[in-house]
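Listed below are the residues making up each chain.
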Amino acid sequence: MADCTLCELPVPEPPIENGDGEPFCCRGCREVHDVLGDHEELSDAGADGDDEPEYERPEGYETTYLRIDGMHCPTCELFLESTADGEGVSTARASYVTDTVRIDHDPGRVSESDLREELSGLGYRAYARDDPLAETRSENRVLGRIVAGVLFGMMVMYLYVTIIYPTYFGGLFYDEATAAFIGEAVASPTANYFFLVVAVPTTLVLLITGGPILKGAYVSLRTRSPSMDLLVAIAALAAYLYSVVAVLAGGTHVYFDVTVAIVVVVTVGRYYKSTVKREAWETLTELTASRVESARLYEDGSTTEVDVADLEGGQRVLVREGDRVPVDGTVEEGEATVDEAVVTGESLPVTRRPGEPVVGGSLVRSGAAVVTVGEGVTSSLDRLTDVVWNLQTSTHGIQGLADRIATVFVPVVAVLAVVATAASLVLVGDVGAAVLVGLTVLIVACPCSVGLATPLAVASGIREALGRGIVVFDETVFERLRGIDVVVFDKTGTITTGEMRVVDSEGPREAFALAAALEARSAHPIAEAIADEFGGVAATDGGVLDEPASEDGPRISEFRSYATGVGGVVDGTSTLVGHPDLFADRGWRVPGEVEATVEANRQFGRLPVVVGREGRAEGVVVVGDEPRAGWEEAIDRLSARGIEVALLTGDDESATAFFRDHPGVDHVFAEVPPEGKAETVARFRADGRVAMVGDGTNDAPALARADLGIAMGGGTALAADAADVAIVDDDLAAIETIFELSAAAGRRVRGNVGWAFFYNGVAIPLAITGLLNPLFAALAMVSSSLLVVLNSSRELLE
């Protein structure tokens, strides 16, 4: 059997082909291919070529996903990939955006525990992706480092403020006699013991709180990729080592306070950003999980609860109303209406009868069935999950602005420090003074303000977004948004509400009231919509005949369920509700005006339900999944930004008619399966950067494939997991807001960095000429960082 040219799903018989004879699994994939062209060579590379090239896992190898604590930049990705790439491993891909490493390995030669042990070290900790306690342990470790830094740092700073600083600024702290006494004490030989006492808590701050910074610097050197960690570590270590040597040599000019200030300021800034991110995660409403862990094994007329992992091909499982189908299979007995939206994106449930396939993860809306487990015991939902995790780890994170600056700044500062030291040595001839000049250069060049510029501005943006109902999961979102060329929308649940409701009706209301009484006994979404609109009662799991739907409501004396509707006797009146074909099958007459109403609404993408009494159709109830409020304004604003807009859906062509005429919508593709959605995004990425907006599990591969994924907050857990942003209130206007926040955050970062470089432009020349003491350099550095903090604390959208 051939595979689809676009998404590589199996092609049906007879095949769906285009003009060139290429096979496709559906009309939607064919349209995408014909409109966007054949970019096969780019479908796995993306616009910037950073996705994983075509690769097949060796036979017998397994794929393991590990969450990594401590990964925060592209340099970490390179280091972890090289660390994991050992014996028994065919490939390893890391992504700091999702804190995940994907490893294909031979389980007989290297186990998952071996991989975790191999990747845990130098400040990294690897653990299973689904470990519920790992995040808590990680947060506790980070908080412990912060507490240690603050406590030991306060000890150091207290000693400096009360004893050391007065030797420089005596008149500001004490009277003249006291200042003179402290100066003599600090200059005495026994003062070395005091400085050694100061060195102890400084060492603890450097190693415990500054551990991640030192780790980042080491990784930077190992991968030959200068980063902000390297620049911060150089300044902190230079001040520390100079001070230690000075103490051992009997000197009194020590700068342990500089080491403490650098480490604590940078660490607290990063912790603030991570705290804001965690707050954003916790604010997001708990989403629906759709993966199935157990199944009812059906043997000899009885059932046994078993793990899905223990099922074998050919076994039979029983699914009832409200269950999720555990694995892909075929209906053997019974009949059930199943909602496959979580997998396929189709907004309407379908009826599955003996001999017809069902997909794992779909929800049984009504009925019950015995399903024969398919070969391979796979679930379509699980396959989608694997696709998402693969895509999440196949794209490296972008290099942050600060790290791009560090790539140039690190070698420049190192050269300046060496040249300044050498020049001072030649001109002055004093080794100690020359080293002091070099140290001052390194201290003033310490990028605390540059290092804080991006994380604080981003944290401010994340917090402000949260206040506007937008959850930002990844700190690179604002930077990536500024380069978006195309926004692709899913239809069902994104542009539309994803809920069936009555949007129009034509006919006698008393007939609709009788129809509502019957529909109240069905669990079908369309039945629920009609019952809610005309009966004022909620759908139930069936009813007891001869009982009224409510105290004063119609009395049902007979009830029948059909594949395309329901019928029965309500208050002594024979009533039929459903598809027009049901009326023809039952021999009921359908007048011409009713047929015309049905046809008009079909063309508009809505679902007409015919209602009749005593053998004759009398009216039509129109049910539909309506567009969200403000959808047109949201698209207009994107178009005004020069962004191309596309619409994707798994629904049929008629469901998209409402959107094709909107001038801001550039492309509309219908009947596209989840795998096809991901490939559609890949085709768009061949020509630019793409953002995907979706809500369902079926959208998750496309969300993960896009340069930026935006999930509606009412969607599924897998969709949120694949996305970078979630809109909590399902308000489409928030899409424009996140673009505005992105632009504002960019301006704030540029302002912060501009100030930081202005400071460096003034301070470094003073340090080189020997006009700036390391103590004053440290004060200037702290003052610069404080200005960045104050600037970042302002609201972005004022």
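No experiment lies behind these values; they were computed from the predicted model shown. (Residues numbered from 1 in each chain as written. Predicted model: local features only at pLDDT ≥ 70, side-chain atom pairs only at ≥ 80, totals over all residues. Heavy atoms only, no water.)

1. Focus: the overall build of the protein
- A count of helical and extended segments in the protein gives 28 helices and 26 strands.
- Relative to its full complement of 798 residues, the protein shows a buried share of 52%.
- Of the roughly 33,700 Å² that the protein leaves accessible, carbon and sulfur atoms contribute 54%. (Helix = DSSP H or I, 4+ residues; strand = E, 2+ residues; numbered from the N terminus. Buried < 20%, exposed > 50% of the residue type's maximum accessible area, 1.4 Å probe, protein only. Areas by Shrake-Rupley, 256 points an atom, 1.4 Å probe, with all protein chains shown as cover.)

2. Brief notes about the packing of aromatic side chains
- In the structure shown here, the tally under the stated rule is nine aromatic pairs.
- Aromatic side chains Phe-79 and Tyr-124 sit 5.9 Å apart centroid to centroid with 25° between the ring planes, which places their arrangement in the stacked category. Of this pair, Phe-79 sits in helix H2 (residues 74-84) while Tyr-124 sits in the loop between helix H3 (112-119) and strand S6 (125-128); the two residues are 45 residues apart in sequence, bridging distant segments of the chain. Considered together, Phe-79 and Tyr-124 belong to a single accessibility category, that of buried residues.
- With a centroid separation of 5.0 Å and 40° between ring planes, the pair formed by Phe-512 and Phe-534 is classed as tilted. With Phe-512 in helix H18 (residues 509-519) and Phe-534 in helix H19 (residues 525-534), this residue pair connects regions lying 22 residues apart in the sequence.
- With a relative accessible area of 3%, Phe-512 lands in the buried category.
- What makes Phe-534 buried here is its relative accessible area of 11%. (Phe/Tyr/Trp six-rings, centres within 6.5 Å; stacked < 30°, edge-to-face > 60°.)

3. Structural notes on the pattern of salt bridges
- Evaluated as defined, the whole model comprises 19 salt bridges.
- Here Arg-116 and Glu-112 are joined by a salt bridge, their closest N and O atoms 3.0 Å apart. Taken together, the residues span about one helical turn, with Arg-116 and Glu-112 both in helix H3 at a distance of four residues.
- With relative accessibility at 28%, the residue Arg-116 sits in the partly exposed group.
- In this structure Glu-112 comes out as partly exposed when scored by relative accessible area, which is 30%.
- Each of the salt bridges in this network shares a partner with another, and the network as a whole consists of Arg-316, Glu-332 and Glu-333. (Salt bridge = Lys/Arg side-chain N within 4 Å of Asp/Glu carboxyl O.)

4. Topic: the pairing of strand S18 (residues 565-570)
- Of all six residues that make up S18, six are buried, and the element is covered over most of its length.
- Here S18 shows no split at all, with Gly-565, Gly-567 and Val-569 on one side and Val-566, Gly-568 and Val-570 on the other all buried.
- Hairpin connection between strand S17 (residues 556-562) and S18: a loop of two residues separates the two successive antiparallel strands.
- As paired strands, S18 and strand S19 (residues 573-578) are joined by six bridges and run antiparallel to one another. Paired with Val-569 across the bridge in S19 is Ser-574.
- Turn length for the S18-S19 hairpin, with the two strands adjacent in sequence and antiparallel, is two residues, and the turn residue Asp-571 shows positive phi of about 55°. (Pairing = 2+ DSSP bridges.)

5. Quick look at the state of the cysteines
- This structure, assessed with the given rule, holds zero disulfides.
- In this model Cys-7 remains outside any disulfide bridge; the closest cysteine sulfur is found in Cys-25, 3.6 Å from its own.
- Classification of Cys-7 by relative accessible area gives buried; the value is 9%.
- Sulfur of Cys-29: no disulfide; nearest cysteine sulfur belongs to Cys-26 and is 3.6 Å away.
- Owing to a relative accessible area of 0%, Cys-29 belongs among the buried residues under this scheme. (Disulfide = S-S within 2.5 Å.)

6. Some words on helix H14 (residues 431-444)
- Counted at 1.5 Å a residue, the expected span for H14 with its 14 residues is 20 Å, and the 20 Å between its end C-alpha atoms agrees.
- The set of residues buried in H14 consists of Ala-434, Val-437, Gly-438, Leu-439, Thr-440, Val-441, Leu-442, Ile-443 and Val-444.
- The N-terminus of H14 is capped by Asp-430, whose side-chain oxygen sits 3.3 Å from the backbone nitrogen of Ala-433. (Expected span 1.5 Å × (residues − 1). Polar contact = N/O pair within 3.5 Å; in protein donor to acceptor, adjacent residues only side chain to side chain.)

7. Quick notes on the nonpolar core
- Ranked by internal contacts, the top residues of the largest apolar core, which has 58 residues, are Tyr-160, Phe-195, Phe-256 and Val-444.
- Ranked by residues supplied to this core, first place goes to helix H9 (residues 228-248) with 13 residues.
- Contact partners of Tyr-160, with chain neighbours within four places excluded, come to Tyr-165, Pro-166, Val-198, Val-254, Tyr-255, Phe-256 and Asp-257.
- Membership of the second largest hydrophobic core comes to 39 residues, among which are Ile-470, Phe-489, Ala-634 and Phe-739. (Core = buried A, V, L, I, M, F, W, Y, C linked by side-chain atoms within 4.5 Å. Contact = heavy atoms within 4.5 Å.)

8. Describing the side chain of Asn-18
- Note that Asn-18 resides in the loop between strand S1 (16-17) and strand S2 (23-24).
- Under the relative-accessibility criterion, Asn-18 is labelled buried at 11%.
- Side chain to side chain, Asn-18 and Glu-22 meet in a polar contact 2.9 Å long.
- Those residues in contact with Asn-18 that lie beyond four places of it in its chain are Phe-24, Arg-30, His-33 and Asp-34.

9. What about unusual backbone geometry?
- Of note, the bond from Glu-13 into Pro-14 is cis; its omega dihedral lies within 30 degrees of zero at -5°.
- The residue Pro-14 is located in the segment before S1 in this model.
- Of note, Asp-571 is a non-glycine position whose phi angle comes to about 55°, a positive value.
- If you trace the backbone, Asp-571 turns up in the loop between S18 and S19.

10. A closer look at the side chain of Arg-685
- Tracing the chain through its elements places Arg-685 in helix H24 (residues 674-685).
- Look at Arg-685 and you get buried, because its relative accessible area is 1%.
- A polar contact is formed between the side chain of Arg-685 and the backbone oxygen of Arg-705, at a distance of 3.1 Å.

11. A look at H2
- Among the 11 residues that make up H2, eight are buried, leaving the element largely enclosed by the rest of the structure.
- In this fold, the buried residues of H2 make contact with strand S3 (62-69), strand S4 (89-95), strand S5 (100-105), H3 and helix H8 (211-222).

12. Structural notes on the sheet that holds strand S15 (residues 486-490)
- Spatial ordering of the open sheet is given by S14-S26-S25-S24-S15-S22-S23, a layout of seven strands whose pairing is mixed. Since the sheet does not close on itself, it has two edges, and those belong to strand S14 (470-472) and strand S23 (667-669), each with one partner. Taking the axes of each pair of neighbouring strands and ignoring which way they run, one obtains an average angle of 20° across the sheet.
- Looking at chain direction, S14 and strand S26 (residues 725-727) are connected through three bridges and run antiparallel. (Axes fitted to C-alpha atoms, helices over the stretch in contact; angles between N-to-C directions.)

13. Brief notes about the environment of Gly-751
- Positionally, Gly-751 belongs in helix H27 (residues 733-768).
- Residue classification places Gly-751 among the partly exposed positions, given a relative accessible area of 38%.

14. Details of the packing of H9 against H14
- Look at H9 against H14: their axes get within 9 Å of each other, and the N-to-C directions meet at 150°. On the basis of the axis angle, H9 is roughly antiparallel to H14. Crossing geometry of H9 relative to H14 is assigned as left-handed. Residue-level inspection shows Ile-234, Ala-235, Ala-238, Ala-239 and Tyr-242 of H9 in contact with H14, the latter providing Gly-432, Val-435, Leu-436, Leu-439, Leu-442 and Ile-443.
- Class assignment of the residues belonging to the contact of H9 with H14 gives a composition of 10 nonpolar, one polar and no charged. (Parallel < 35°, antiparallel > 145°, perpendicular 65-115°, else oblique. Left-handed = near helix turned anticlockwise from the far one by under 90°. Nonpolar A, V, L, I, M, F, W, Y, C, P; charged D, E, K, R; others polar.)

15. Some points on the sheet that holds S5
- With respect to topology, four strands assemble into an open sheet ordered S4-S5-S3-S6, the strand pairing being antiparallel. The two strands at the open ends of the sheet, each matched to only one other strand, are S4 and S6. Across the sheet, the axes of successive neighbouring strands diverge by a mean angle of 30°, strand direction being ignored.
- With four bridges connecting them, S3 and S6 associate as antiparallel partners. Considered in S6, the bridge of Ile-68 is made with Ala-126.
- Strand contacts of H2: S3, S4 and S5, with the helix running at about 160° to S4, the strand carrying the most contacts.
- Sheet contacts for H3: S3, S4, S5 and S6; angle to S3, the most-contacted strand, approximately 35°.

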